[in-house]
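So you can see what is in the structure, the chains are spelled out below.
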Amino acid sequence: MWGYRTREVARMLGLPPAEVRRFARAGFVAARRGPRNELRFSFQDLVLLRAAAGLVEARLRPARVRRALRRLAAQLPEGRSLASVHVAAEGGRVVVRDGGARWHPETGQVLLDFEIGELARRVAPLVRAAARRGRGVRPLDGEAWFHWGRDLHDVAPAEARTAYRQALGVAPDHAGAHLHLARLLLRDGGDARAAELHLRRALEDPALRAPAGVELSAALEAQGLLDEALLACARALESDPALPEAHRAAARLLTRLGRAEDARRHLDAASRRG
């Protein structure tokens, strides 16, 4: 069963376990139940609990805190690690920053300032231990190992690779594990050929064909296979014609192939779509 236990969450957040349970009962997070009916929290739950503690300390009414956190939960990035997200107070508002994007899930006189990466670093030792010995009485399934890998993807890539490989050992067809492992293999000029093999497995999942196609184009480009890389971009755009990353990758490849006019069209499409 994947997830963080109440005492682990309390230790990482610096809260009494009773306070963590109280936040869960109050509906600040939607914690799940483990095989023995114990509470299990996701990494996003940790993010929201840390925000809840700051908001409650700032003396916002509980109903307002729940409303702000529900909106924040819906707006947090999906499909990737949260380690780069920053939550702060600016001008009396809770402001969330993710790269160049900024938004506020709720207004109020709040003093709140913390890096999500700090939580990810506290999580890392727990996931390293999970990768060494497994968790609980029953072995983890592929989805659980995949979630462990996602939590560590940005802050402990070596351990994340181990978790993804554990996921694939249990569930060889897990497309998400293939995709994310390939992304790590491509980091810093890594093993492009191995990444290509994983990405071709990820393409078997229709829901991942667009992002996997973009990553496959990068793996092929790293091997000097520019025409094949461009074809991978084209197939990614067949799955998601609005995907900016696919247009930018196509533009880069077309520039390298001497097709400047075609490259400009893709850059224009990428800028229109963000």
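Residues numbered from 1 in each chain as written. Predicted model: local features only at pLDDT ≥ 70, side-chain atom pairs only at ≥ 80, totals over all residues. Heavy atoms only, no water.

Trainee: Would you explain the overall build of the chain in this entry?
Mentor: In terms of helices and strands, the chain carries 13 helices and 7 strands. A total of 274 residues make up the chain; the buried ones form 49% of that total. Considering only intrachain contacts with a sequence separation of at least 6, the fraction spanning at least 24 residues in the chain is 56%. Carbon together with sulfur atoms contributes 49% to the accessible area of the chain, which is approximately 13,600 Å² in total. (Helix = DSSP H or I, 4+ residues; strand = E, 2+ residues; numbered from the N terminus. Buried < 20%, exposed > 50% of the residue type's maximum accessible area, 1.4 Å probe, protein only. Contact = heavy atoms within 4.5 Å. Areas by Shrake-Rupley, 256 points an atom, 1.4 Å probe, with all protein chains shown as cover.)

Trainee: How should helix α7 (residues 157–170) be read in this particular structure?
Mentor: An α-helical segment advances 3.6 residues per turn. Residues three or four places apart therefore align on the same side. Between the first and last C-alpha of α7 there are 20 Å, a value that for 14 residues agrees with the 20 Å anticipated at 1.5 Å per step. Looking at the buried residues of α7, the elements they touch are α6 (142–152), α8 (175–186) and α9 (192–202). (Expected span 1.5 Å × (residues − 1).)

Trainee: What should I look at first to understand the environment of Arg 252 in this one?
Mentor: Along the chain, the position of Arg 252 falls in helix α12 (residues 244–256). In this structure Arg 252 comes out as partly exposed when scored by relative accessible area, which is 38%. Put simply, Arg 252 and Leu 267 are 15 residues apart on the chain and 8.9 Å apart in space, counted from C-alpha to C-alpha.

Trainee: Honestly, the side chain of Glu 221 in this entry has me stumped. Any pointers?
Mentor: In this structure, Glu 221 sits in helix α10 (residues 209–222). Residue classification places Glu 221 among the buried positions, given a relative accessible area of 12%. Not counting residues up to four positions away in its chain, the partners in contact with Glu 221 are Leu 226, Ala 229, Arg 252, Leu 253 and Arg 256.

Trainee: So what exactly am I meant to see when it comes to the packing of α7 against α8 here?
Mentor: Any two packed helices are characterised by the angle at which their axes cross and by the distance between the axes. Two elements in contact, α7 and α8, have axes separated by 9 Å at closest approach and are oriented at 150°. As judged from the angle between their axes, α7 and α8 are roughly antiparallel. Between α7 and α8 lies a crossing of left-handed hand. On the side of α7, the interface is formed by Pro 157, Ala 160, Arg 161, Tyr 164, Arg 165, Ala 167 and Leu 168, while α8 contributes Ala 177, His 178, His 180, Leu 181, Leu 184 and Leu 185. Each residue belonging to the contact of α7 with α8 can be placed in one class, and the counts come to 9 nonpolar, 2 polar and 2 charged. (Axes fitted to C-alpha atoms, helices over the stretch in contact; angles between N-to-C directions. Parallel < 35°, antiparallel > 145°, perpendicular 65-115°, else oblique. Left-handed = near helix turned anticlockwise from the far one by under 90°. Nonpolar A, V, L, I, M, F, W, Y, C, P; charged D, E, K, R; others polar.)

Trainee: What exactly am I supposed to notice about the sheet that holds strand β2 (residues 32–33) here?
Mentor: Working definition: the strands of a sheet are paired by backbone hydrogen bonds and lie parallel or antiparallel to each other. Taking strand neighbours across the sheet as the criterion, the 3 strands line up as β1-β3-β2 in an open arrangement whose pairing is antiparallel. The open sheet has two edge strands, β1 (4–5) and β2, and neither has a second partner. Taken together, the 2 bridges between β2 and strand β3 (residues 39–41) define a ladder with antiparallel strand orientation. Residue pairing in the sheet places Arg 32 in a bridge with Arg 40 of β3. (Pairing = 2+ DSSP bridges.)

Trainee: Please clarify how unusual backbone geometry should be interpreted in this entry.
Mentor: The general pattern is negative phi for most residues beyond glycine and trans for most peptide bonds. Here Asn 37, not a glycine, exhibits a phi torsion of approximately 70°, which is positive. Considering the arrangement of structural elements, one finds Asn 37 in the loop between β2 and β3.

Trainee: Looking at this structure, how should I read the packing of α8 against α9?
Mentor: For the pair α8 and α9, the least separation of the axes is 8 Å and the interaxial angle reads 160°. Relative to α9, α8 is oriented roughly antiparallel. Classified by chirality, the crossing of α9 by α8 is left-handed. Residues Ala 175, His 178, Leu 179, Leu 181, Ala 182, Leu 185 and Leu 186 of α8 lie in contact with α9, whose contacting residues are Ala 192, Ala 194, Ala 195, His 198, Leu 199, Arg 201 and Ala 202. Looking at the contact of α8 with α9 residue by residue, the classes come out as 11 nonpolar, 2 polar and 1 charged.

Trainee: It is not clear to me how the nonpolar core should be interpreted in this structure. Could you clarify?
Mentor: As a rule of thumb, nonpolar side chains are buried together in soluble globular proteins. By size, the foremost hydrophobic cluster in this structure holds 60 residues, and its most contacted members are Tyr 4, Val 9, Val 20, Phe 23, Phe 41, Leu 49 and Leu 199. Take this core: its biggest share by element is 8 residues, from α8. Setting aside its immediate chain neighbours within four residues, Val 9 contacts Tyr 4, Val 20, Phe 41, Leu 46 and Leu 49. In terms of nonpolar packing, the next biggest core, distinct from the first, is built from 6 residues, Ala 210, Val 214, Ala 236 and Leu 243 among them. (Core = buried A, V, L, I, M, F, W, Y, C linked by side-chain atoms within 4.5 Å.)

Trainee: Help me out: how do you make sense of the pattern of salt bridges in this one?
Mentor: Between side chains of opposite charge, a pair can form as their charged atoms come close. Applying the stated criterion to the full structure yields 13 salt bridges. Between Glu 38 and Arg 40 there is a salt bridge whose closest N-O contact spans 3.0 Å. In this structure Glu 38 comes out as partly exposed when scored by relative accessible area, which is 22%. By relative accessible area, Arg 40 is classed as buried at 4%. The network of salt bridges with shared partners includes Asp 173, Arg 201 and Glu 204. (Salt bridge = Lys/Arg side-chain N within 4 Å of Asp/Glu carboxyl O.)

Trainee: In this structure, what is going on with the packing of aromatic side chains? I would like to understand it.
Mentor: To describe a pair of aromatic rings, one takes the distance between the centres and the angle between the planes. Under the criterion given, the structure shown has 2 aromatic pairs. Their ring planes at 85° and their centres at 5.3 Å tell us that Tyr 4 and Trp 148 sit as a pair that is edge-to-face. One end of the pair, Tyr 4, is in strand β1; the other, Trp 148, is in helix α6, and 144 residues separate them in sequence. Like Trp 148, Tyr 4 is buried. (Phe/Tyr/Trp six-rings, centres within 6.5 Å; stacked < 30°, edge-to-face > 60°.)

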